[in-house]
Amino acid sequence: MRRVNYAVNGGPEVLFVEDVPTPVPGPSQLLVRCEAVGVTWPAVRRVREGPEPVPLGGEVAGVVEALGPGVRGFRLGDRVTGLCFEHAYAERAVLAEHMASRVPEHADAVTAVALVHSGLVARKACAAGLIGRGESVLITAAASGVGTMAIQLVRAHGARVVAAVGDKQDKGAFVRTLGAEAVVGYDDPSWGEPVDVALECVGGEVLDKAVRALGRGGRLVAFGAQPGAICSGELMTRGASATGFRMGSPATPSLYACWRDELWDWHREGWLRTRVHAEIPLARAARAHEVIESRANLGKVVLVVD
Ligand SMILES: NC(=O)c1ccc[n+]([C@@H]2O[C@H](COP(=O)([O-])OP(=O)(O)OC[C@H]3O[C@@H](n4cnc5c(N)ncnc54)[C@H](OP(=O)(O)O)[C@@H]3O)[C@@H](O)[C@H]2O)c1
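Residues numbered from 1 in each chain as written. Predicted model: local features only at pLDDT ≥ 70, side-chain atom pairs only at ≥ 80, totals over all residues. Heavy atoms only, no water.

A. A look at the site of the ligand. Of all residues adjacent to the ligand, which total 23 residues, the nearest are Val 146, Tyr 186, Cys 201, Met 247 and Asn 297. Between the ligand and Val 146 there is a distance of 2.7 Å, counted from an oxygen atom to a backbone nitrogen or oxygen. Here an oxygen atom of the ligand and a backbone polar atom of Gly 166 are 2.8 Å apart. Elements that contribute at least two residues to the shell around the ligand include exactly α1 (41–49) and α3 (145–156). The residue makeup of the shell around the ligand includes at least three contributed by each of domain 1 (2–103 + 275–304) and domain 2 (118–244). (Near = heavy atom within 4 Å. Polar contact = N/O pair within 3.5 Å; in protein donor to acceptor, adjacent residues only side chain to side chain. Helix = DSSP H or I, 4+ residues; strand = E, 2+ residues; numbered from the N terminus. Domains from an automatic or database assignment.)

B. Looking closely at the domain arrangement of the protein. Split into domains, the protein comes out as domain 1 (2–103 + 275–304) and domain 2 (118–244). Using only C-alpha atoms to locate each centre, domain 1 and domain 2 end up separated by 28 Å. Facing 11 residues of domain 1, the contacting portion of domain 2 comprises 16 residues. There are zero salt bridges connecting domain 1 and domain 2. Here domain 1 is connected to domain 2 by four residue pairs in polar contact (both at pLDDT 80 or more). Looking at the side of domain 1 that touches domain 2 residue by residue, the classes come out as four nonpolar, two polar and five charged. (Contact = heavy atoms within 4.5 Å. Salt bridge = Lys/Arg side-chain N within 4 Å of Asp/Glu carboxyl O. Nonpolar A, V, L, I, M, F, W, Y, C, P; charged D, E, K, R; others polar.)

C. Layout of the environment of Ala 180. Mapped onto the fold, Ala 180 is located in the loop between α4 (168–177) and β10 (182–185). On a C-alpha basis, the gap between Ala 180 and Arg 160 in space is 7.3 Å, while along the polypeptide they are 20 residues apart. Setting aside chain neighbours within four positions, we find Ala 180 in contact with Ile 151, Val 161, Ala 163 and Val 175.

D. The side chain of Arg 260, seen in detail. Secondary-structure assignment places Arg 260 in helix α7 (residues 253–269). No salt bridge is formed by the buried Arg 260. Its closest oppositely charged neighbour is Asp 261, at 6.0 Å. (Buried < 20%, exposed > 50% of the residue type's maximum accessible area, 1.4 Å probe, protein only. Lys, Arg positive; Asp, Glu negative; His and termini not counted.)

E. Region of the structure containing the packing of α1 against helix α8 (residues 285–294). Contact pair α1 / α8: the axes reach a minimum separation of 10 Å and the direction vectors enclose 100°. Judged by the angle between their axes, α1 and α8 are roughly perpendicular. Counted together, Trp 41, Val 44, Val 47 and Arg 48 of α1 and His 289, Ile 292 and Glu 293 of α8 form the full contact between these two elements. Split into classes, the residues belonging to the contact of α1 with α8 amount to four nonpolar, one polar and two charged. (Axes fitted to C-alpha atoms, helices over the stretch in contact; angles between N-to-C directions. Parallel < 35°, antiparallel > 145°, perpendicular 65-115°, else oblique.)

F. Local environment of the packing of aromatic side chains. Counting across every chain of the model gives three aromatic pairs. Between Phe 223 and Phe 245 the ring centres are 5.0 Å apart and the planes differ by 15°, which places this aromatic pair in the stacked class. Pair noted here: Phe 223 is in the loop between β12 (214–222) and α6 (232–238) and Phe 245 is in the loop between β13 (241–244) and α7, with a separation of 22 residues, a long-range link. Ring geometry for Tyr 256 against Trp 259: centres 5.9 Å apart, planes inclined by 20°, an arrangement best described as stacked. Of this pair, Tyr 256 and Trp 259 both sit in helix α7, separated by three residues, roughly a single helical turn. We classify Tyr 256 as buried; its relative accessible area is 6%. Take Trp 259: its relative accessible area is 7%, and that puts it in the buried class. (Phe/Tyr/Trp six-rings, centres within 6.5 Å; stacked < 30°, edge-to-face > 60°.)

Structure representation (structure tokens):
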């Protein structure tokens, strides 16, 4: 089977396609014939910055083709999606059973990849931020896969969205179509009125600006891949609080299962929409990494496997 790999850290040009044996699922693992694979900034960043090459993991969606020993919850032919920590940029990927969930009949693989993991991250951020009706919520990287989900979920809480983006020109209009009421650029001297909650997923200087954007009693939720410092003085002045999370493995599988069902219900109801910036063939994964590094994506970037 074909898969995309890299041998040295660097930009999109280090990715190459190779022919490798189809993996064999181990205990409690599924072998999935991939139809769609999500490309995310954290993965693109790992390729560029290292510290050393690791399997290109990510969100996959496809069809169960083989079952490892001990799998109870899935059958051959089931359509599934989930986060794969092994090689995901591939025609076949191995998925831990506890990370997999079913894709409803009405949905295609690209939608599943754009909805489920990004939706769970956004859902978790909203829960951590304790968002209340009528509050104002700042969302950074608001045009990203996670950001597009977060805007819609925050609106569903009855809260007002202030969307922060790297480049206001194209992204500003885009995030407004999803429900953002105000748009700010990272470089803007002011981010407007102080907010009640900041959902911050960029890190670095943007994290610091998000802390400074909080009003009295504000809540920061930090969940970006890039490290950043939180100034305790800025929290103390505002009487603000800060929390963070990393999705990694599902510490609370039943809660995640419930949230996944909700995401699909809301998608079926029609108000929670996935936004896909580009569907790019697997063999052109380097192009997908270029798109993410250009920071131009309006929504999710997805690799498709034919
Ligand atoms: N904690 C967790 O478990 C968890 C899980 C998943 C995702 N996340 C975080 O959520 C964020 C969004 O993830 P995603 O997968 O939805 O993103 P994505 O769709 O791949 O979009 C990436 C976006 O991140 C922003 N960005 C900020 N700095 C960047 C940089 N130096 N290079 C490239 N892009 C940069 C860009 O928008 P702007 O230029 O407008 O900022 C870009 O469009 C990521 O920062 C990621 O770390 C966290």
